[in-house]
Amino acid sequence: MGDKESKDSGLTRREAIIAATSGLLVAALPVTQAEAQAVKHAAKAPKAGASPGKKKNVYIFLNKNEAAFIEAAVARLIPADDQWGGAIEADVPNYFDKQLGGSWGAGERLYRSGPWKAGTKTQGYQLPYTPAELFRTALKAIDTDLKKTPFAKMSTADQDAYLHKLEKEDIDLGGVPSKVFFSSLLQMTMEGFFSDPVYGGNRDMLSWRMIGFPGAYGSYYDIVDKHGIKIDRAPLSLAEDAAGMIHQHPNIPAKQ
Amino acid sequence: MATKLKPVDVVTIGIGMTGSILARELVKKGLKVVGLERGRYVDTVPDFQSPNMHDELRYAVRKGMMQDNTKETVTARNNLDETALPIRRWDSFLPGTGLGGAMNHWNGQTFRFQVADFIYKTHIEKRYGKNFLDPDLQIQDWGVTYDELEPHFDRFEYLCGTSGTAGNIKGKKQAGGNPFEAWRSRGYPTPAMKEPYFAALFRKAANELGYSPYPQPSSNLSQNYTNPEGMKLFTCSFCGFCERFGCEHFAKSSPQTIIYPVLASHSNYEPRFGCQVLKINLDSDKKKAVSVSYVDSAGREFEQPADLILLTAFSINNVRMMLLSRIGTPYDPKTGEGVVGRNYAYQTMSSAQVFYDENTNINPFMASGANGTMIDDFGGDNFDHGKHKFIGGSYIGAIMTNGRPIEFHPTPPGTPAWGLEWKKAVARHYNHTVALNVHGSSTASRGNYLDLDPTYKDAWGLPLLRITFDFPDNDIRMANFVTEKAKGIAQQMKGKTFVATPRAKSWTTTVYQTTHNTGGAVMGSDPKTSVVNRYLQSWDVPNLFVVGASAFPQNSCYNPTGTVGALTYWAADAIVNKYLKNPGKLVT
Ligand SMILES: Cc1cc2nc3c(=O)[nH]c(=O)nc-3n(C[C@H](O)[C@H](O)[C@H](O)COP(=O)(O)OP(=O)(O)OC[C@H]3O[C@@H](n4cnc5c(N)ncnc54)[C@H](O)[C@@H]3O)c2cc1C
């Protein structure tokens, strides 16, 4: 795969698309407009490994300690490397903040009647906590557990070891089994990394550029049978306007 | 106090596919039909429009179009010794809600079951003898034959505009189609879809191994089409947002695109949305349904009297409504007596993956809900089971429906679940992996059944449906056998590495498998082992028809909706041509 974004100019990429598809590129937009957008994007796209901390997040849900843990933890779950930024560069903590502070955090689409029983491992989530309550409770317990050295202050090796402990062992985090907490943490990290940028993560469509997912494009009819071609267009967010700006809605609920 | 409404001729409980088709056949006859739908009115415009629809988080991960399980869910357990607990978030299967039901967000993989599927017990006993089956299995015949259903399969496919290559027209094998398929009276209404790269790689390997690959029949259309109802469908654009999403292009067959607008244009049809049906009310001697009770979205209670009641609420909801209304004797797994809830079955899924080098661009995001290439060599009873000691089978195919990255970021075996290695593996393999589906039958067995949960309730205070299910040993052996065959194909596809994941016990509610829940109100010719007769008419209450996959006595290896559609037209035909002329028991 490699860091094509920072090496190739937008124009080269555009030519590659045209060559590969013999001009048959059909998206939701007419070819010329789509191409124009692709160029605009490529020009705007920051270097993949853009340094963290450039943009300071203003959190509406996470308190200082919670934010410190989430930021440090997601950086270990999806680290930056020499080619691509990781969860921090993709603004995943921002995604956490908006999800946990919004309707998802409040338990949308969660059947919440008791009685509450632990259940077998095939029976799925059975705790009375909403996602917001689950994170609050577990993060508080982790802070207490790590009184001497907070997670964010540990070495990365110790952080990894602690995350593995949460993942594998049966630690009670104030009533939240650590395995349940860890799987929620990992799932939300994946969501924040890979979902559309409208949700506040996947900044600059970093993960989509990394894997080559074109995003919200509407049509591949003309190229689906051009087997094996390389699709190297800039990805499209579902909230981009004609100028290629992404509008972030802090809290688009999944519920209708 | 419930408001008692003016009587109508017919009520359908639910306005999904089955409810729309039946209502359409009856309004044509001049009957006054009311459709009661718990969900809201939704339509292609404006509800399914791009770009909003292309939102993986909202629709695929958070299940934006599915039944609202804060109000109503099911409980689940693997066996009688466990306590069932609520499915608090949908995962294993995804019931629909709202106009169009689950077909709004289905894939469109549109199959017919085979000749032997409908006479399963007779067929298996004849071919392998009476003692071949594991003692816990309880397979049965359907009471209807494939030949009787064929015109109705045909009608449903022409309604949907299904794209495919016929394999058997009136007994004559057709090149390029499935040589194992049951006879059809004519070809598919539209040709097969374009073959994507992953499917072509599968085709090549399957050919090399001497199997018979063919294009998966699809109700995401290969070309523009006008169906016999006059509804126009358009060519699928392979956008990769199909299963779990509504189709913005009018390319996927769903009630809104194939029939509902025609139905709604009849002045004698009245849909009511936001109406949760709670119960079917019977007369004093319990032989006749007189009305249904429902609550509207503001919480107001109504009673709607009707002469004919059609239970079209999706398989498991049909069974729950029967139990809540105390129609028929509930099945008791300990004694084996009773029928409602009996023979609940599912689908036995497994998979394989092939990982290619970095020059092989699979482009998994160019996909539709049903555009794979597959083989039926190990489907149903297409191979000799004599030495294998199991019944049933699976189809195998490269049927990749999307490359949406929250759900799809494959890594080879041995890759950690997170961290630097994981991330590098995702970047390396995302566009260079082909996934194979192994889609297996589900054999009815004594211990798998549906009843009402003793503890958990819905938002209206009524007991939730309880599912007791695990894969029978027979099906595990079947899935292991066919997964090995899939592994052979994966190897032949000549990537860098491959992996096969067979099915293991136990059924878990936490991983999506399919929404192919079947049985529980099964059809048959003996009221001791079936809830409805061969016309899907309740044995106990003849003015009630129960239509959906709830009628399947066991589940075949094919996706169910083609067969549900055929049964719907079959029941409609019986209602119009037999029942209306002489209301009463169609089978005695
Ligand atoms: C994600 C997904 C993918 C699928 N893919 C395929 C596929 O590729 N191939 C295939 O063959 N099948 C597929 N299916 C299955 C297919 O969608 C169903 O077989 C089909 O929709 C069944 O139609 P139905 O009319 O029986 O039920 P539904 O379409 O579910 O309609 C039932 C309606 O009844 C309403 N209802 C329920 N209870 C009540 C009540 N108490 N009061 C009022 N209204 C009520 C519901 O809201 C719903 O609208 C898929 C399903 C899902 C969820």
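Participant: Any chance you could explain the overall build of chain B here in plain terms?
Facilitator: The helix and strand tally for chain B stands at 13 helices and 24 strands. Against the 2.2 N^0.38 benchmark of 25 Å for 588 residues, chain B shows a C-alpha radius of gyration of 23 Å, consistent with a compact globule. In terms of its C-alpha atoms, chain B occupies a principal-axis envelope of roughly 70 × 55 × 50 Å. Within chain B, the proportion of its 588 residues that are buried is 66%. The contacts of chain B with a sequence gap of at least 6 include a subset with a gap of at least 24, amounting to 75%. Per element, the accessible surface of chain B, about 19100 Å² overall, is 50% carbon and sulfur. Of the charged side chains in chain B, 63 are positive and 55 negative, and the gap between their average positions amounts to 1 Å.

Participant: I keep staring at the side chain of B:Ser20 and nothing clicks. Help me out?
Facilitator: Tracing the backbone shows B:Ser20 in helix α1 (residues 17–27). Every residue in contact with B:Ser20, bar those within four places of it in the chain, is listed here: B:Ile15, B:Pro255, B:Ile259, B:Tyr260 and B:Leu263.

Participant: In this structure, what is going on with the packing of aromatic side chains? I would like to understand it.
Facilitator: For any two aromatic rings, the description comes down to two numbers: the centre-to-centre distance and the angle of the planes. All names here are of chain B. Throughout the structure, instances matching the rule amount to 48 aromatic pairs over all chains. Considering the side-chain rings of Tyr395 and Tyr558, the 6.2 Å spacing of their centres and the 25° angle between planes classify their relative orientation as stacked. Of the two residues, Tyr395 sits in strand β18 (residues 394–398) while Tyr558 sits in the loop between β24 (544–546) and α13 (561–579), which places them 163 residues apart along the sequence. Each member of the pair, Tyr395 together with Tyr558, is buried.

Participant: Teacher, can you tell me more about the sheet that holds strand β8 (residues 214–215) of chain B here?
Facilitator: Each strand in a sheet pairs with another by means of backbone hydrogen bonds, the pair being arranged parallel or else antiparallel. Residue and element names in this part refer to chain B. Across the sheet, which stays open at both edges, the six strands sit in the order β8-β17-β18-β19-β16-β22 with antiparallel pairing between neighbours. Unpaired on one side and paired on the other, β8 and β22 (497–501) mark the two borders of the sheet. Pairing of strand β16 (residues 348–355) with strand β19 (residues 433–440) involves eight bridges; the strand directions are antiparallel. Residue Val354 lies in a different strand from β19, and its bridge partner there is Val434. On top of the sheet, helix α7 (residues 197–208) reaches β8, β17 (373–375), β18 and β19; it is set at about 30° to β17, its chief contact. In the packing of helix α12 (residues 473–492) onto the sheet, contacts are made with β16, β17, β18, β19 and β22, and the angle to β16 comes to roughly 20°.

Participant: Help me understand the site of the ligand, please; the structure alone is not making it clear to me.
Facilitator: All names here are of chain B. The environment of the ligand is made up of 35 residues, and the closest members are Thr18, Glu37, Arg38, Gln109 and Thr561. Arg38 places a side-chain nitrogen or oxygen 2.8 Å from an oxygen atom of the ligand. Elements with a minimum of two residues in the shell around the ligand: α1, β3 (33–37), β12 (276–282) and α10 (315–324). Looking at the shell around the ligand residue by residue, the class counts come to 13 nonpolar, 19 polar and three charged.

Participant: Where do I start with the pattern of salt bridges in this structure?
Facilitator: Where charged atoms of side chains with opposite charge meet at close range, the side chains can pair. All names here are of chain A. Applying the stated criterion to the full structure yields 39 salt bridges over all chains. Asp160 is the partner of Arg76 in a salt bridge, and the nearest nitrogen-oxygen pair spans 2.8 Å. Pair noted here: Arg76 is in helix α4 (residues 64–77) and Asp160 is in helix α7 (residues 156–168), with a separation of 84 residues, a long-range link. Overall, the relative accessible area of 19% leaves Arg76 in the buried class. Arg203 serves as the salt-bridge partner of Asp91, at 3.3 Å between the closest nitrogen and oxygen. Taken together, the positions of Asp91 in the loop between α4 and α5 (92–101) and Arg203 in the loop between α8 (178–194) and α9 (206–211) put the pair 112 residues apart, joining distant regions of the chain. When its relative accessible area of 3% is taken as the criterion, Asp91 is described as buried.

Participant: Is there a simple way to think about the environment of B:Lys130 in this case?
Facilitator: All names here are of chain B. Counting through the fold element by element, Lys130 comes out in the loop between α5 (120–128) and α6 (146–160). Residue class for Lys130 comes out exposed when judged on its relative accessible area of 65%. In this structure the side chain of Lys130 is engaged in a polar contact, spanning 3.2 Å, whose partner is the side chain of Glu125.

Participant: Could you clarify how one ought to interpret the interface of chain A and chain B in this entry?
Facilitator: Buried accessible area, meaning the area lost when the parts come together, often serves as the stated size of an interface. Listed per partner, the contact involves 75 residues of chain A and 74 residues of chain B. Carbon and sulfur atoms make up 60% of the area that chain A and chain B hide from each other, which totals about 6100 Å². The interface formed by chain A and chain B holds three salt bridges in total. Two residues, B:Lys194 and A:Asp225, come together in a salt bridge whose shortest N-O distance is 3.4 Å. One can count 35 residue pairs in polar contact (both at pLDDT 80 or more) joining chain A with chain B.

Participant: Before we go on, may I ask you to explain the packing of α5(A) against α8(A) in this structure?
Facilitator: Think of two packed helices as two axes; the pair is described by the angle between the axes and how far apart they sit. Residue and element names in this part refer to chain A. At a closest axis distance of 9 Å, the pairing of α5 and α8 adopts a crossing angle of 110°. The orientation of α5 relative to α8 falls into the category roughly perpendicular. Crossing of α5 against α8: the hand is right-handed. Contact with α5, carried on its side by Val92, Tyr95, Phe96, Gln99 and Leu100, involves Leu185, Met188, Thr189, Glu191, Gly192 and Phe193 of α8 and no other residues of that element. Looking at the contact of α5 with α8 residue by residue, the classes come out as seven nonpolar, three polar and one charged.

Participant: Even after reading the chapter, I still don't get the environment of B:Glu337, so can you show me in this structure?
Facilitator: All names here are of chain B. Among the secondary structure elements, Glu337 is positioned in the loop between α10 and β15 (342–345). Through-space distance from the C-alpha of Glu337 to that of Lys528 is 7.9 Å; in sequence the pair is 191 residues apart. Glu337 has contacts with Pro330, Tyr331 and Asp332, leaving out every residue within four places of it along the chain.

Participant: Hey, could you run me through the sheet that holds strand β20 (residues 449–457) of chain B in this one?
Facilitator: Residue and element names in this part refer to chain B. With mixed pairing, four strands are arranged side by side in an open sheet as β5-β4-β21-β20. The strands lining the two open edges of the sheet, one partner per strand, are β5 (85–86) and β20. Relative to strand β21 (residues 463–468), β20 runs antiparallel, the two sharing five bridges. Residue pairing for β21: Leu450 is matched across the bridge by Ile467.

Participant: Would you take a moment to explain the pairing of strand β2 (residues 8–13) of chain B for this structure?
Facilitator: Residue and element names in this part refer to chain B. Here β2 lies mainly inside the structure; five of its six residues are buried. Relative to strand β14 (residues 301–311), β2 runs parallel, the two sharing five bridges. Directly across from Thr12, in β14, lies its bridge partner Leu310. Relative to β3, β2 runs parallel, the two sharing four bridges. Note on β3: the bridge partner recorded for Val10 is Val33. Crossover connection from β2 via α1 to parallel β3: handedness right-handed.

Participant: Help me understand the confidence of the model for chain A in this model?
Facilitator: Detailed reading of the predicted coordinates is not advisable wherever pLDDT is low. For chain A, mean pLDDT is 80; residues scoring 70 or higher make up 72% of the total. Taken together, the stretch residues 1–53 of chain A has pLDDT below 50 and engages in 72 contacts with residues farther than four places along the chain or on a different chain.

Participant: Got a minute to help me understand the pairing of strand β4 (residues 74–77) of chain B in this structure?
Facilitator: Every regular strand shows the same layout, with side chains that alternate between the two sheet faces. Residues and elements named next belong to chain B. A two-sided burial pattern is seen for β4, the buried positions comprising Val74 and Ala76 on one face and Thr75 and Arg77 on the other. Two elements, β4 and β5, share two bridges in a ladder whose sense is antiparallel. Counterpart to Thr75 in the pairing with β5 is Pro86.

Participant: Got a minute to help me understand the confidence of the model for chain B in this structure?
Facilitator: All names here are of chain B. Averaged over chain B, the pLDDT score is 97; the fraction of residues at 70 or greater is 100%. Highest mean pLDDT in chain B belongs to β24 (99); lowest belongs to helix α2 (residues 44–47) (94). Overall fold confidence (pTM) sits at 0.93, and the ipTM for the predicted complex is 0.96.

About the criteria used
- Residues numbered from 1 in each chain as written.
- Chains lettered and ligands numbered in written order.
- Predicted model: local features only at pLDDT ≥ 70, side-chain atom pairs only at ≥ 80, totals over all residues.
- Heavy atoms only, no water.
- Helix = DSSP H or I, 4+ residues; strand = E, 2+ residues; numbered from the N terminus.
- Rg over C-alpha atoms; globule rule 2.2 N^0.38 Å.
- Buried < 20%, exposed > 50% of the residue type's maximum accessible area, 1.4 Å probe, protein only.
- Contact = heavy atoms within 4.5 Å.
- Areas by Shrake-Rupley, 256 points an atom, 1.4 Å probe, with all protein chains shown as cover.
- Lys, Arg positive; Asp, Glu negative; His and termini not counted.
- Charge placed at Lys NZ, Arg CZ, Asp CG, Glu CD.
- Phe/Tyr/Trp six-rings, centres within 6.5 Å; stacked < 30°, edge-to-face > 60°.
- Pairing = 2+ DSSP bridges.
- Axes fitted to C-alpha atoms, helices over the stretch in contact; angles between N-to-C directions.
- Near = heavy atom within 4 Å.
- Polar contact = N/O pair within 3.5 Å; in protein donor to acceptor, adjacent residues only side chain to side chain.
- Nonpolar A, V, L, I, M, F, W, Y, C, P; charged D, E, K, R; others polar.
- Salt bridge = Lys/Arg side-chain N within 4 Å of Asp/Glu carboxyl O.
- Buried area = accessible area lost by both parts, 1.4 Å probe.
- Parallel < 35°, antiparallel > 145°, perpendicular 65-115°, else oblique.
- Left-handed = near helix turned anticlockwise from the far one by under 90°.
- Right-handed = clockwise from strand over helix to strand, strands pointing away.
- pLDDT = per-residue confidence, 0-100.

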